[in-house]
Amino acid sequence: MGYLRFVIENRLFLLAGFLLCFTSSFGQTYFISLFAGEIKGSFSLTDGGWGAIYTIGTTLSAITMIWAGALTDRFRVRQLSFGVMIFLALACMAMAYVPNGFLLVFVIYALRLMGQGMMSQLGVVAMSRWFMATRGRAISLASMGFAVGQAVLPILFVALLLQADWRNLWIVATVCILFLIPVMQILLRQERTPQSMAETAQSLGMHGKHWTRGALLRHPLFYMMIPLVLGPAAWGTALFFQQVHLTEVKGWSLVSFVALMPIYTVSTIAFTFITGWAVDRFGVKWVVPFQMLPFALSFAVLAFADTIWMAGVGLVIFGIGQGMQGTATTAFWAVFYGTKHLGAIKAAAAALMVFGSAIGPGITGAFIDLGIDFPDQMIPIALFYVGGAVLAGLGILRYQRDLPR
C-alpha cells in the first residue's frame with residue numbers, strides 16, 4: 001500500500017495520532033525552555049537552580065508515568081485523551097499564575113507528566129496498537145506532530161515573547177489545548193479497531209508470547225536498551241533546555257538559533273518517513289542499533305561550531321537521529337514484546353525517557369554552575385551515544401533469534 005493511499009484510508013486515525021503528538025509540545029522541553037530567561041528572572045534562579053527545579057519536577061513525573069502510562073491498556077484513547085488534555089490545559093494555566101519557585105516544581109511536574117509523558121504515550125501506543133503490517137508508517141506519520149510542534153511553536157512564541165508578557169503566552173497555550181479537545185473527540189468517535197483489547201488483535205513478541213511489564217523487567221534486553229532510551233531524552237532535552245546559555249556562550253542570538261528549527265524539522269520529517277519505510281521493509285532490528293550515531297555526530301559538530309551556519313549543520317544531523325529514534329524505538333517495543341500489554345511496557349520505557357529528560361538539564365546545569373560550559377560537555381555526551389549504540393546492537397543481535405518467524 002502506497003503512502004498516499006494509506007493516508008487517505010486511515011486519515012481520521014492518523015490525524016488523531018498527529019494531534020496527540022502535537023499537543024504534547026506544551027509539556028516538552030523545547031517549548032518550556034523558551035521561557036527560561038523570564039522564569040529565572042522572575043524567581044531569581046541561577047542556571048543550576050532552574051535546572052534543579054526542572055529535574056525534580058520531571059523526575060516526579062517519570063515515577064508517576066510507571067503507573068499512569070499503563071492506563072492506555074485499560075481505557076480507550078478517546079476517553080483517556082479527554083482527561084489528559086484537560087489536565088494539561090490546567091497545568092498551562094497554572095504556569096501563567098505560579099507565584100514562587102517552590103510551586104513551580106509542581107507546575108513543571110504537571111506539564112511534563114501530561115505533555116511529554118501521557119500525550120506522547122497516547123499518540124505512539126495508539127499507532128502501535130491500531131496498525132500492524134504498516135506500524136512503521138503509522139508511527140512516522142503520527143510523529144509528524146512532534147516535528148511540526150517543534151518547528152512552529154518556538155518561532156511563533158519567541159516572536160510573541162517580544163510583544164507580550166511570558167505569563168500571558170501560557171494562557172494562549174491553554175486556549176490552544178482547549179480548542180483541540182473537541183476536535184479529538186470528533187476524530188475518535190469510533191476507534192480504528194473496536195476489538196483492540198481482544199487476543200486476536202494483538203501481535204506476539206519474543207518466543208511467540210505476550211510479555212507483561214514484570215517479564216520485561218526480568219529480561220536482559222531491556223537493560224541493554226536503557227542507554228538508547230535514556231541518552232536521546234537526557235542530552236536532547238539538555239540541548240534545547242540550555243539553548244539560551246548555548247547561544248550566549250557561542251555569541252549567537254537566540255532568534256537566529258530558533259530560526260534554524262525549520263531545517264532541523266525538515267531533517268526530522270525526512271528521516272521519520274525513511275525510518276518508517278525501513279522498519280516495515282527490513283524490520284526494526286536492522287534500524288534501532290544505528291539511530292544513536294547521528295546524535296553522537298551532531299553533538300561533536302555543535303561542540304566545535306563557531307558560526308550559526310555550523311549550528312544548522314549540527315541540528316540537521318541531530319534531526320536525523322530524532323527522526324530515526326521516534327519511529328524505530330516505538331516499533332521496537334511492539335515487535336520484541338508484543339502489543340497486548342504495550343501500554344504498561346511502553347510506560348516503563350516512557351518513565352526512563354522522562355527520567356532522562358529530568359537528569360539532562362540538571363546535570364548540565366550543575367556543570368555550568370561549576371564553570372564548565374555546555375559546549376565543553378558535548379564530546380563526553382557524544383561518546384555516551386556511541387556506547388549506547390554498541391550496547392543496543394549487541395542486545396538485538398543476541399535476542400533477535402527469539403522473534404516469531
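Residues numbered from 1 in each chain as written. Predicted model: local features only at pLDDT ≥ 70, side-chain atom pairs only at ≥ 80, totals over all residues. Heavy atoms only, no water.

- Under an unreviewed UniProt entry, the name given to the protein chain is MFS-type transporter, and the organism recorded is Roseobacter litoralis.
- The record in UniProt for the protein chain states the following under Subcellular location (unreviewed entry): "Cell membrane". (UniProt positions renumbered as here; feature names shortened; annotations may be inferred.)

Some points on the overall build of the protein chain
Part 1: On a plain count of helices and strands, the protein chain comes out with 20 helices and zero strands.
Part 2: When its C-alpha atoms are laid out on the principal axes, the protein chain stretches across 55 × 45 × 40 Å.
Part 3: The buried share of the protein chain, taken over its 405 residues, is 60%.
Part 4: In the protein chain, of all internal contacts separated by at least 6 residues, the share reaching a separation of at least 24 is 87%.
Part 5: If you sum the accessible surface of the protein chain, you get close to 15,500 Å²; carbon and sulfur atoms cover 70% of it.
Part 6: Separation between the mean location of the 24 positive side-chain charges and that of the 14 negative ones in the protein chain comes to 17 Å. (Helix = DSSP H or I, 4+ residues; strand = E, 2+ residues; numbered from the N terminus. Buried < 20%, exposed > 50% of the residue type's maximum accessible area, 1.4 Å probe, protein only. Contact = heavy atoms within 4.5 Å. Areas by Shrake-Rupley, 256 points an atom, 1.4 Å probe, with all protein chains shown as cover. Lys, Arg positive; Asp, Glu negative; His and termini not counted. Charge placed at Lys NZ, Arg CZ, Asp CG, Glu CD.)

Looking at the nonpolar core
Part 1: Core analysis: the biggest nonpolar cluster contains 133 residues, and M95, W170, W333 and Y337 have the highest contact counts within it.
Part 2: Both of domain 1 (10-192) and domain 2 (202-404) provide at least three residues apiece to this core.
Part 3: With residues near it in sequence (within four places) discarded, W170 still touches F26, F31, I32, F35, C92, M95, A96 and L111. (Core = buried A, V, L, I, M, F, W, Y, C linked by side-chain atoms within 4.5 Å. Domains from an automatic or database assignment.)

Some words on the environment of W252
Part 1: Within the secondary structure layout, W252 lies in the loop between helix 14 (243-250) and helix 15 (254-258).
Part 2: Judged by its relative accessible area of 11%, W252 is buried.
Part 3: Each C-alpha atom of the pair W252 and R218 lies 47 Å from the other, and the pair is 34 residues apart in sequence.
Part 4: Residues within four places of W252 in sequence aside, it is in contact with T247, F257, A305, D306, T307, I308 and A311.

Notes on empty space enclosed by the protein
Part 1: Scanning the model with the defined rule gives three cavities of 30 Å³ or more in all.
Part 2: Considering only enclosed or pocket space, the largest cavity measures out at about 680 Å³ in volume.
Part 3: Lining the largest cavity are 33 residues; nearest its centre among them are Q28, F146, Q322, Q325 and M353.
Part 4: Breaking the lining of the largest cavity down by element, the ones donating at least two residues are helix 3 (29-32), helix 7 (101-130), helix 9 (144-161), helix 13 (226-241), helix 16 (261-282), helix 18 (308-337) and helix 19 (342-369).
Part 5: Tallying contributions element by element places helix 18 first for the lining of the largest cavity, with eight residues.
Part 6: Looking at side-chain class alone, the lining of the largest cavity contains 15 nonpolar, 16 polar and two charged residues.
Part 7: If you count residues domain by domain, the lining of the largest cavity takes at least three from each of domain 1 (10-192) and domain 2 (202-404). (1 Å grid on protein atoms, 1.4 Å probe; cavity = no way out; pocket = protein on both sides within 12 Å on 5 of 7 lines; lining within 4 Å. Points joined across faces, edges and corners; volume = space filled by probe spheres on them. Nonpolar A, V, L, I, M, F, W, Y, C, P; charged D, E, K, R; others polar.)

A look at the environment of G101
Part 1: As for its placement among the helices and strands, G101 is situated in helix 7.
Part 2: Separated by 217 residues in the primary sequence, G101 and F318 place their C-alpha atoms 32 Å from one another.
Part 3: Beyond its immediate stretch of four places on either side in the chain, G101 contacts F43 and I53.

Re the domain arrangement of the protein chain
Part 1: The domain architecture assigned to the protein chain consists of domain 1 (10-192) and domain 2 (202-404).
Part 2: Listed by partner, the interface residues are 48 residues for domain 1 and 49 residues for domain 2.
Part 3: Taking both partners together, domain 1 and domain 2 bury about 3,800 Å²; carbon and sulfur atoms supply 68% of that area.
Part 4: Linking domain 1 with domain 2 are zero salt bridges, by the criterion used here.
Part 5: If you look at where domain 1 meets domain 2, you find six residue pairs in polar contact (both at pLDDT 80 or more).
Part 6: Broken down by element, the residue count for the side of domain 1 that touches domain 2 peaks at 13 residues, all from helix 5 (residues 47-68). (Buried area = accessible area lost by both parts, 1.4 Å probe. Salt bridge = Lys/Arg side-chain N within 4 Å of Asp/Glu carboxyl O. Polar contact = N/O pair within 3.5 Å; in protein donor to acceptor, adjacent residues only side chain to side chain.)

Some words on the side chain of T174
Part 1: Position of T174 among the secondary structure elements: in helix 10 (residues 166-187).
Part 2: In this structure T174 comes out as buried when scored by relative accessible area, which is 5%.
Part 3: In this structure T174 touches A89, C92 and M93, once residues within four positions along its chain are discounted.

Observations regarding the confidence of the model for the protein chain
Part 1: Per-residue confidence for the protein chain gives a mean pLDDT of 86; residues scoring 70 or more make up 96%.
Part 2: Ranking the helices and strands of the protein chain by mean pLDDT puts helix 17 (residues 293-304) first, with 95, and helix 1 (residues 3-9) last, with 75.
Part 3: Confidence over residues 194-201 falls short of pLDDT 50; this stretch has 13 contacts with residues more than four positions distant or in other chains. (pLDDT = per-residue confidence, 0-100.)

Concerning the packing of aromatic side chains
Aromatic rings in a pair are described by how distant their centres are and how their planes are angled relative to each other.
Part 1: Within this structure, the stated rule accounts for 27 aromatic pairs.
Part 2: Between F222 and W333, the aromatic rings sit 6.1 Å apart at their centres with planes inclined by 50 degrees, giving tilted as the arrangement. Residue F222 is located in helix 12 (residues 220-224), and its partner W333 is located in helix 18; the two are separated by 111 residues in the primary sequence.
Part 3: On the accessibility criterion, F222 (6% relative accessible area) is buried.
Part 4: Residue placement shows K209 over the ring face of W211; its charged tip is 4.2 Å from the ring centre.
Part 5: The cationic tip of R398 hangs over the ring face of Y399; the distance from NZ or CZ to the ring centre is 4.4 Å. (Phe/Tyr/Trp six-rings, centres within 6.5 Å; stacked < 30°, edge-to-face > 60°. Lys NZ or Arg CZ within 6 Å of the ring centre and 35° of its normal.)

A word on helix 19
Part 1: An ideal rise of 1.5 Å per residue puts 40 Å on 28 residues; helix 19 measures up with 40 Å between its terminal C-alpha atoms.
Part 2: In terms of residue burial, helix 19 counts as a mostly covered element, since 21 of its 28 residues are buried. (Expected span 1.5 Å × (residues − 1).)

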